[in-house]
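One-letter residues, chain by chain:
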Amino acid sequence: MGHDGPTTTSTDICKVVHYSLLDTAVNGFLIENGELDISQGREVFLVVESGCRYHAGMAFPEVVTAGIRVGKLGNSSVRYEIGLFRNEEETAAIE
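Residues numbered from 1 in each chain as written. Predicted model: local features only at pLDDT ≥ 70, side-chain atom pairs only at ≥ 80, totals over all residues. Heavy atoms only, no water.

## A few points about the overall build of the protein
Each helix and strand in the protein was counted, giving 1 helix and 2 strands. Counting from the amino terminus, the protein carries its helices and strands in the arrangement α-β-β. Expressed as a percentage of its 95 residues, the buried residues of the protein come to 19%. Carbon and sulfur atoms form 51% of the exposed surface of the protein, whose accessible area is close to 7400 Å². (Helix = DSSP H or I, 4+ residues; strand = E, 2+ residues; numbered from the N terminus. Buried < 20%, exposed > 50% of the residue type's maximum accessible area, 1.4 Å probe, protein only. Areas by Shrake-Rupley, 256 points an atom, 1.4 Å probe, with all protein chains shown as cover.)

Below, the structure written as structure tokens:
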């Protein structure tokens, strides 16, 4: 049986979706702070390194909330620290 969706079972969320949520959190942060204009902006932001630490699984239909902060601000780069939280839990399931 082949893998044909973004889950490992009928409800588990797979790693590719986790990375998509992390990317969406950064883009949302940049848009909300006026740093990224996806319709007319000229800036391009690149992800040159990424990684995840998994502390707990996530599954549909859990509510996922992303917390984001600037971990390091350099001259030409920014390192974001992102946590994905399940439902209303205070400890990140994924960082």
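## Regarding unusual backbone geometry
The linkage connecting Phe60 with the following residue, Pro61, adopts the cis geometry, with an omega of 10 degrees. Within the element layout of this structure, Pro61 appears in the loop between helix 1 (15-32) and strand 1 (64-73). Even without a glycine there, the phi angle at Asn87 is positive, about 45 degrees. For Asn87, the position within the fold is in the segment after strand 2 (78-86).

## Topic: the pattern of salt bridges
With the rule as written, the count across this model stands at 5 salt bridges. Between Arg69 and Glu81 there is a salt bridge, with the nearest N and O atoms lying 2.6 Å from each other. Of this pair, Arg69 sits in strand 1 while Glu81 is found in strand 2, placing the two residues 12 residues apart along the sequence. The exposure class of Arg69 is exposed, given its relative accessible area of 55%. Of the charged contacts, one joins Arg79 and Glu81 as a salt bridge, the two residues approaching to 2.7 Å between their closest N and O atoms. Classification of Arg79 as partly exposed rests on a relative accessible area of 42%. Judged by relative accessible area, which is 27%, Glu81 ranks as partly exposed. (Salt bridge = Lys/Arg side-chain N within 4 Å of Asp/Glu carboxyl O.)

## Remarks on the environment of Leu21
By secondary structure assignment, the location of Leu21 is in helix 1. Between the alpha carbons of Leu21 and Val64 there is a distance of 9.0 Å; along the sequence they are 43 residues apart.

## A closer look at a nonpolar patch on the surface
On the surface, a nonpolar cluster with roughly 390 Å² of combined accessible area is contributed by Val44, Leu46 and Val48. Relative to the helices and strands, Val44 resides in the loop between helix 1 and strand 1. A relative accessible area of 66% means that Val44 is categorised as exposed. (Patch = residues over 30% accessible without salt bridge, like charges linked within 9 Å, V, L, I, M, F, W, Y side chains within 5 Å.)

## Quick word on the side chain of Arg86
As for its position among the elements, Arg86 is in strand 2. A polar side-chain atom of Arg86 sits 2.7 Å from the main-chain carbonyl oxygen of Gly57. With sequence-adjacent residues up to four places away left out, Arg86 is seen in contact with Ala56, Gly57, Met58, Glu62, Val63 and Ala93. (Polar contact = N/O pair within 3.5 Å; in protein donor to acceptor, adjacent residues only side chain to side chain. Contact = heavy atoms within 4.5 Å.)

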